[in-house]
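Descriptive structure summary
Here is what each chain is made of, one letter per residue.
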Amino acid sequence: MAARERLICASRELVDGGDGVRFDTDWSGATEPAFVIRFGGRIHGYLNRCAHVPIEIDWQAGKFFDFTGLYLVCAVHGALYDPQSGACLGGRCEGKGLRPLAVVERDGWVYLIESE
Ligand code: FES
């Protein structure tokens, strides 16, 4: 299946450990919320669905990191996720991680790689 790139945002909109950019994506035939963040100098994309209860995790639109800026946190019950892999680090996610998405950064822009 061929892949296509969809423009999500400008690179400058993503600061390390700062606000993420929200967008929608097709996932298993449904439109699902998603987001992209920057951590460790690199971008990472995930479905915006907690592994505990499949609801959005940001505590305000675009606010995905905890106060340390080191972990992604679910606003509902506080599950913690690794920003680099989406892996569950603690709390009610109980070992289940966030669903990663294929994102790429090029020439100052951030793209989502979607299968056609
Ligand atoms: S819904 Fe995210 S920790 Fe419960």
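In what follows, the structure referred to is the one given above.
Now for a quick tour of the structure. (Residues numbered from 1 in each chain as written. Predicted model: local features only at pLDDT ≥ 70, side-chain atom pairs only at ≥ 80, totals over all residues. Heavy atoms only, no water.)

**Quick notes on a nonpolar patch on the surface**
Filter applied, for reference: For patch building, the residue pool is restricted to those with more than 30% relative accessible area and no salt bridge; the joining distance is 9 Å between like charges and 5 Å between nonpolar side chains (Val, Leu, Ile, Met, Phe, Trp, Tyr). Per-residue accessibility takes into account occlusion by the displayed protein chains alone, with areas from the Shrake-Rupley method and a 1.4 Å probe. For this analysis, a salt bridge means a side-chain nitrogen from Lys or Arg found within 4 Å of a carboxyl oxygen belonging to Asp or Glu. Every helix listed is a DSSP run of H or I at least four residues long, and every strand listed is a run of E at least two residues long, numbered separately from the N terminus. Relative accessible area decides the class of each residue, using a 1.4 Å probe on protein chains only: under 20% of the type maximum gives buried, over 50% gives exposed, and in between gives partly exposed.
On the surface, Val-53, Ile-55 and Val-76 cluster together to form a nonpolar patch covering roughly 200 Å² of accessible area. Relative to the elements of secondary structure, Ile-55 occurs in the loop between strand 4 (42-47) and strand 5 (72-73). Look at Ile-55 and you get partly exposed, because its relative accessible area is 34%.

**Observations regarding the sheet that holds strand 3 (residues 30-39)**
This is how it is decided: We treat two strands as partners when DSSP finds at least two bridges between them.
Pairing in this open sheet of 4 strands is antiparallel, and the strands run 2-3-4-8 from one edge to the other. Bordering the open sheet on either side are strand 2 (21-27) and strand 8 (100-101), each of which pairs with just one other strand. In the sheet, strand 4 pairs with strand 8 via 2 bridges, with the strands oriented antiparallel. If you follow Tyr-46 over to strand 8, its bridge partner there is Pro-100.

**Quick notes on the state of the cysteines**
What counts, and what does not: Criterion for a disulfide: a pair of cysteine sulfur atoms within 2.5 Å.
As enumerated under the stated definition, the model contains 1 disulfide in all. Covalently, Cys-88 is tied to Cys-93 through a disulfide, its sulfur atoms 2.1 Å apart. Residues Cys-88 and Cys-93 share a disulfide whose torsion about the S-S bond is about 70°; that sign makes it right-handed. Note on accessibility: Cys-88 and Cys-93 belong to one class, buried.

**Some points on the sheet that holds strand 9 (residues 103-106)**
Applicable threshold: The angle between two axes is taken between their N-to-C directions and runs from 0 to 180 degrees, where each axis is a line fitted to C-alpha atoms and a helix contributes only its stretch in contact.
Reading across from one edge, 1-10-9 is the order of the 3 strands in this open sheet, with antiparallel pairing throughout. Edge positions in the open sheet fall to strand 1 (3-10) and strand 9, since each of these has one partner strand only. Within the sheet, the average angular offset between the axes of one strand and its neighbour, ignoring direction, is 35°. Both strand 1 and strand 10 (residues 109-115) contribute to a ladder of 7 bridges, which runs antiparallel. Note that in strand 10 the partner of Glu-5 across the bridge is Ile-113.

**So, unusual backbone geometry**
Here the phi dihedral of Ser-28 falls at roughly 55°; this positive angle occurs in a residue that is not glycine. Taking relative accessible area as the criterion, Ser-28 reaches 74% and is therefore assigned exposed. Located in the positive-phi region is Glu-94, a residue other than glycine, with phi close to 45°. Its place among the elements puts Glu-94 in the loop between strand 7 (88-90) and strand 8.

**Regarding the nonpolar core**
We apply this condition: For this analysis, a nonpolar core means a set of buried residues of the types Ala, Val, Leu, Ile, Met, Phe, Trp, Tyr and Cys, connected via side-chain atoms within 4.5 Å. By definition, residues are in contact when any of their heavy atoms lie within 4.5 Å.
In terms of nonpolar packing, the biggest core is built from 16 residues, with Phe-35, Ile-37, Ile-57, Leu-72, Tyr-81 and Leu-98 touching the most fellow members. Of all the elements, strand 3 adds the most residues to this core, at 3 residues. Not counting the four nearest positions on each side in its chain, Phe-35 is found in contact with Val-21, Arg-22, Phe-23, His-44, Gly-45, Tyr-46, Leu-47, Asn-48, Ile-57, Phe-64, Leu-72 and Leu-98. Counting residues in each nonpolar core, the second largest holds 13 residues, with Ile-8, Val-36, Leu-101 and Leu-112 among its members.

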